[in-house]
Amino acid sequence: MANQPAYKRILLKLSGEALMGREDFGIAPDVMRFLAAELKEVIDAGVQVALVVGGGNIFRGEGLAKAGMDRVTGDQMGMLATCINALAIQDAVERVGLEARVQSAIRINEVCEDYIRRRAVRHLEKGRVVVFAAGTGNPFFTTDSAAALRAVEINADVMLKATKVDGIYTADPKKDPTATRYDELTYDEALDKRLGVMDQTAMVLCRDHKMKLRVYDMDRPGALMGIVMGDETIGTRVHR
Ligand SMILES: Nc1ncnc2c1ncn2[C@@H]1O[C@H](COP(=O)(O)OP(=O)(O)OP(=O)(O)O)[C@@H](O)[C@H]1O
Ligand SMILES: O=c1ccn([C@@H]2O[C@H](COP(=O)(O)O)[C@@H](O)[C@H]2O)c(=O)[nH]1
C-alpha cells in the first residue's frame with residue numbers, strides 16, 4: 001500500500017439498514033460513532049468524502065406499497081427517511097470535529113440545503129463531508145441509483161458501497177451458504193448474472209460512465225481507510 005491515498009474524491013453509499021446495527025428499526029448510536037471515526041480517518045488523510053444514505057431502516061416505498069399504500073406516497077416517505085438518516089450522519093460527523101452539510105434532492109430548506117452540484121463540489125474542496133439526502137428526488141428509484149448518479153455528477157474517483165456483506169457473491173450469501181465471493185467482476189457480468197447486491201439501474205449508470213465500484217463490509221474496522229489507501233483485497237471491485 002502507498003502512503004498517499006489512491007483516491008482524491010469518493011462517493012460512499014451507506015445502506016440504511018446497516019445504520020440499525022443490532023436494533024430492528026432506526027439508528028444505533030454505536031454504529032454512528034463507528035462510522036464517524038472511520039470517516040474522520042479518511043478526511044484527515046486528505047480525501048474528499050460525499051455520502052448517499054439509504055432509508056431501509058425506516059421506510060421503503062416498495063414495502064409500504066405491498067401493505068396497501070399508494071406507491072408514490074410510499075417512495076416519498078422513503079426519501080424523507082433518508083433525510084432523517086442524513087441528519088443523524090451530519091450530527092455524528094460534527095461530533096468528531098469534522099464539518100458536514102446535508103443536501104436534499106427534495107426542498108426542505110428549514111432543515112438542510114438543496115442539492116446544488118457546484119455547491120456540493122465546493123464543500124468537498126473545503127474538506128466538508130457532504131451527505132446527499134432524498135435519493136434522486138423521484139419515486140420509483142433507489143438510493144443505489146442516487147449514489148451512482150451523484151458519483152458521476154461530482155466526478156468521484158470511485159463509488160464505495162458499504163453494506164452488511166463483504167462483497168459480491170455468486171448468490172445472496174444470506175440465503176445461499178454455498179455462495180462464493182468475487183474479488184472483481186465487470187458490470188456486464190454482474191448485470192448478466194443478476195447479482196442482487198445493487199440495483200440494475202445503478203449498475204448501468206456506473207458502467208456507462210466508467211465509474212469504478214467497490215462493495216465492502218461496513219462493519220469491518222479500517223476497511224474504508226484500507227480501500228482509500230489502495231488495498232485492492234478488500235471487498236469486490238466492479239469495473240467496465
Ligand atoms: N449476489 C449477491 N452478493 C452479495 N450480496 C447480495 C447478493 N444478492 C443479494 N445480496 C444482498 O444485497 C444486500 C446488500 O445491499 P444493502 O444491504 O446495501 O441493501 P440496500 O437495499 O441497498 O440497503 P438500504 O435500502 O438499507 O439502503 C446484502 O444484504 C445481501 O444480502
Ligand atoms: O431516488 C429515490 C431514492 C429512494 N426512494 C425511496 O426511498 C426508499 C429508501 O431508499 P433505499 O434505497 O431503499 O434505502 C426507497 O425504497 C424508495 O421508496 C425513492 O423513491 N427515490
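Residues numbered from 1 in each chain as written. Chains lettered and ligands numbered in written order. Predicted model: local features only at pLDDT ≥ 70, side-chain atom pairs only at ≥ 80, totals over all residues. Heavy atoms only, no water.

### Quick notes on empty space enclosed by the protein
Here's step 1: A full pass over the atoms with the stated rule returns one cavity of 30 Å³ or more.
Here's step 2: Volume-wise, the largest cavity comes out at about 60 Å³.
Here's step 3: Forming the walls of the largest cavity are Leu12, Leu14, Phe34, Leu35, Glu38, Ala162, Tyr216, Met218 and Leu224.
Here's step 4: Those elements that place two or more of their residues in the lining of the largest cavity are strand E1 (9–14) and helix H1 (29–44).
Here's step 5: Sorting elements by how many residues they give to the lining of the largest cavity places H1 first, with three residues.
Here's step 6: Residue composition of the lining of the largest cavity, by class: eight nonpolar, no polar and one charged. (1 Å grid on protein atoms, 1.4 Å probe; cavity = no way out; pocket = protein on both sides within 12 Å on 5 of 7 lines; lining within 4 Å. Points joined across faces, edges and corners; volume = space filled by probe spheres on them. Helix = DSSP H or I, 4+ residues; strand = E, 2+ residues; numbered from the N terminus. Nonpolar A, V, L, I, M, F, W, Y, C, P; charged D, E, K, R; others polar.)

### Quick look at the pairing of strand E2 (residues 48–53)
Here's step 1: Among the six residues that make up E2, six are buried, leaving the element largely enclosed by the rest of the structure.
Here's step 2: Alternating positions in E2 separate into two faces, Gln48, Ala50 and Val52 on one and Val49, Leu51 and Val53 on the other, with burial throughout.
Here's step 3: Of the pairings in the sheet, the one linking E1 to E2 comprises six bridges and is parallel in character. Looking at the pairing, Arg9 lines up with Gln48 of E2.
Here's step 4: Handedness of the crossover joining E1 and E2 through H1: right-handed.
Here's step 5: Alignment of E2 against strand E5 (residues 129–133), held across three bridges, turns out to be parallel. By the bridge assignment, Val52 is partnered in E5 with Phe132. (Buried < 20%, exposed > 50% of the residue type's maximum accessible area, 1.4 Å probe, protein only. Pairing = 2+ DSSP bridges. Right-handed = clockwise from strand over helix to strand, strands pointing away.)

### Structural notes on the UniProt feature "binding site: UMP" (unreviewed entry) in the protein chain
Here's step 1: UniProt annotation of "binding site: UMP" (unreviewed entry) refers to Gly55, Asp75, Thr136, Gly137, Asn138, Pro139, Phe140, Phe141, Thr142 and Thr143 when read in the numbering used here. Spatial clustering of the annotated residues is evident: they stretch over 89 residues in sequence, but the largest pairwise C-alpha distance comes to 14.2 Å. Of the annotated residues named above, the ones that line the largest pocket are Gly55, Asp75, Thr136, Asn138, Pro139, Phe141, Thr142 and Thr143.
Here's step 2: Relative to the assigned elements, Gly137 resides in the loop between E5 and helix H5 (143–153).
Here's step 3: Using a relative accessible area of 23% as the deciding quantity, one classes Gly137 as partly exposed.
Here's step 4: Ignoring sequence-local partners within four residues, the contact set of Gly137 consists of Met79, Ala105 and Ile106.
Here's step 5: Following the sequence through the fold, Thr143 ends up in helix H5. (UniProt positions renumbered as here; feature names shortened; annotations may be inferred. Contact = heavy atoms within 4.5 Å.)

### Some words on unusual backbone geometry
Here's step 1: Residue Phe140 is not a glycine yet carries a positive backbone phi of 70°.
Here's step 2: With respect to the element layout, Phe140 can be found in the loop between E5 and H5.
Here's step 3: Even without a glycine there, the phi angle at Lys210 is positive, about 55°.
Here's step 4: Relative to the helices and strands, Lys210 resides in the loop between helix H7 (200–208) and strand E8 (213–217).
Here's step 5: Exposure remark for Lys210: the relative accessible area of 62% places this residue in the exposed category.

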